[in-house]
Amino acid sequence: MNYELKYTVFKTKWGWFGLAGTERGLLRTCLPLAEREKVKFRIIKNLRPAQYDKNFFKPVQEQIAAYFDGAHVNFGKDIPIELYVFSFFTKQVLTACRDIMFGQTITYLGLAKKLGRPIAVRAVGGALAKNPLPLLIPCHRVIRSDGKLGGFSAIGGTKVKKRLLELEAHGL
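Structure report, in brief. (Residues numbered from 1 in each chain as written. Predicted model: local features only at pLDDT ≥ 70, side-chain atom pairs only at ≥ 80, totals over all residues. Heavy atoms only, no water.)

**Re the packing of helix H3 (residues 88-97) against helix H5 (residues 121-128)**
Where H3 contacts H5, the two axes come as close as 9 Å, and the packing angle between them is 80 degrees. Here H3 is positioned roughly perpendicular relative to H5, judged by the angle of their axes. Within the contact between the two elements, H3 uses Phe89, Thr90, Val93, Leu94 and Cys97 and H5 uses Ala123, Val124, Ala127 and Leu128. Partitioning the contact of H3 with H5 into residue classes produces eight nonpolar, one polar and no charged. (Axes fitted to C-alpha atoms, helices over the stretch in contact; angles between N-to-C directions. Helix = DSSP H or I, 4+ residues; strand = E, 2+ residues; numbered from the N terminus. Parallel < 35°, antiparallel > 145°, perpendicular 65-115°, else oblique. Contact = heavy atoms within 4.5 Å. Nonpolar A, V, L, I, M, F, W, Y, C, P; charged D, E, K, R; others polar.)

**Quick word on the pattern of salt bridges**
One pass over the full model with this rule turns up 10 salt bridges. Its salt-bridge partner being Arg144, residue Asp146 comes within 2.4 Å of it at the nearest N-O pair. The partly exposed category is assigned to Asp146, whose relative accessible area is 47%. (Salt bridge = Lys/Arg side-chain N within 4 Å of Asp/Glu carboxyl O. Buried < 20%, exposed > 50% of the residue type's maximum accessible area, 1.4 Å probe, protein only.)

**Comments concerning the sheet that holds strand S3 (residues 25-33)**
Spatially, four strands are ordered S3-S2-S1-S4 in an open sheet, and the strand pairing comes out mixed. Each having just a single partner strand, S3 and strand S4 (51-52) make up the two edges of the open sheet. (Pairing = 2+ DSSP bridges.)

**As for the layout of surface pockets**
Empty pockets left among the atoms are what a rolling probe the size of a water molecule brings to light. Considered as a void within the structure, the largest pocket measures approximately 570 Å³ in volume. Listed by contribution, the elements that provide at least two residues to the lining of the largest pocket are S3 and helix H1 (36-44). Here the lining of the largest pocket takes five residues from S3, the largest share from any one element. (1 Å grid on protein atoms, 1.4 Å probe; cavity = no way out; pocket = protein on both sides within 12 Å on 5 of 7 lines; lining within 4 Å. Points joined across faces, edges and corners; volume = space filled by probe spheres on them.)

**Here's the deal with the nonpolar core**
Formed by 43 residues in total, the largest nonpolar core has its most connected members in Leu19, Leu26, Ile64, Tyr67, Val124, Leu128 and Leu136. Element by element, the count of residues in this core is highest for H3, at five residues. Residues within four places of Leu128 in sequence aside, it is in contact with Val93, Leu94, Cys97, Tyr108, Leu111, Cys139, Val142 and Ser153. Tyr7, Ala20, Val39 and Ile43 belong to the second largest nonpolar core, which has seven residues in total. (Core = buried A, V, L, I, M, F, W, Y, C linked by side-chain atoms within 4.5 Å.)

**A few points about empty space enclosed by the protein**
With the rule as written, the count across this model stands at one cavity of 30 Å³ or more. Of the voids in this model, the largest cavity is the one considered here, and its volume is about 40 Å³. Taken together, Asn74, Phe75, Arg98, Ile100, Met101, Leu135, Leu136, Pro138 and Arg141 make up the lining of the largest cavity. A breakdown of the residues in the lining of the largest cavity according to their chemical character gives six nonpolar, one polar and two charged.

**Considering the pairing of strand S2 (residues 15-22)**
With respect to burial, S2 is a largely interior element, seven of its eight residues being buried. Examined bridge by bridge, strand S1 (residues 6-12) and S2 share seven bridges and lie antiparallel to one another. Within S2, the position partnered with Val9 by the bridge is Gly18. Counting the residues that bridge the hairpin from S1 to S2 gives two residues. Note: S2 against S3, six bridges, orientation antiparallel. Across the sheet, the residue bridging to Leu19 is Thr29, located in S3. Adjacent in sequence and paired antiparallel, S2 and S3 are bridged by two residues.

The following block contains the structure:
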């Protein structure tokens, strides 16, 4: 079955946020940027023509806006996502990452152990670097064993990772 691709870009306290996908599930998110057009470009880049829909996944939009307002929001597994383009291992990592609750962190090693693959620490990091749905798949909550942030491939890099963790810890 062929599902129509849709996207939306909406305002949060941190800037413009983007979602893209089908009615079946989300394919991408774009963390907040100051310019709406930059979010639009990033969210639909390399997708076949997608139609703008301001109400696309409206309840998720509301949760995201509340999150950036400082509300305690867990983006649950009830939010449908599409990871069909990824390897089995990457899907496992991204799915396991969804279990990390608001305000909590886990180490790359801890996540690897959770998957029963304790020597796959670097592979876990590589899988997280491919995360197409930052925030909904909270890869920002995965840190190094020494307590340092580690990497963050989403827009804004580790500065944004740090800011997201601070928001969850202190409501900043």
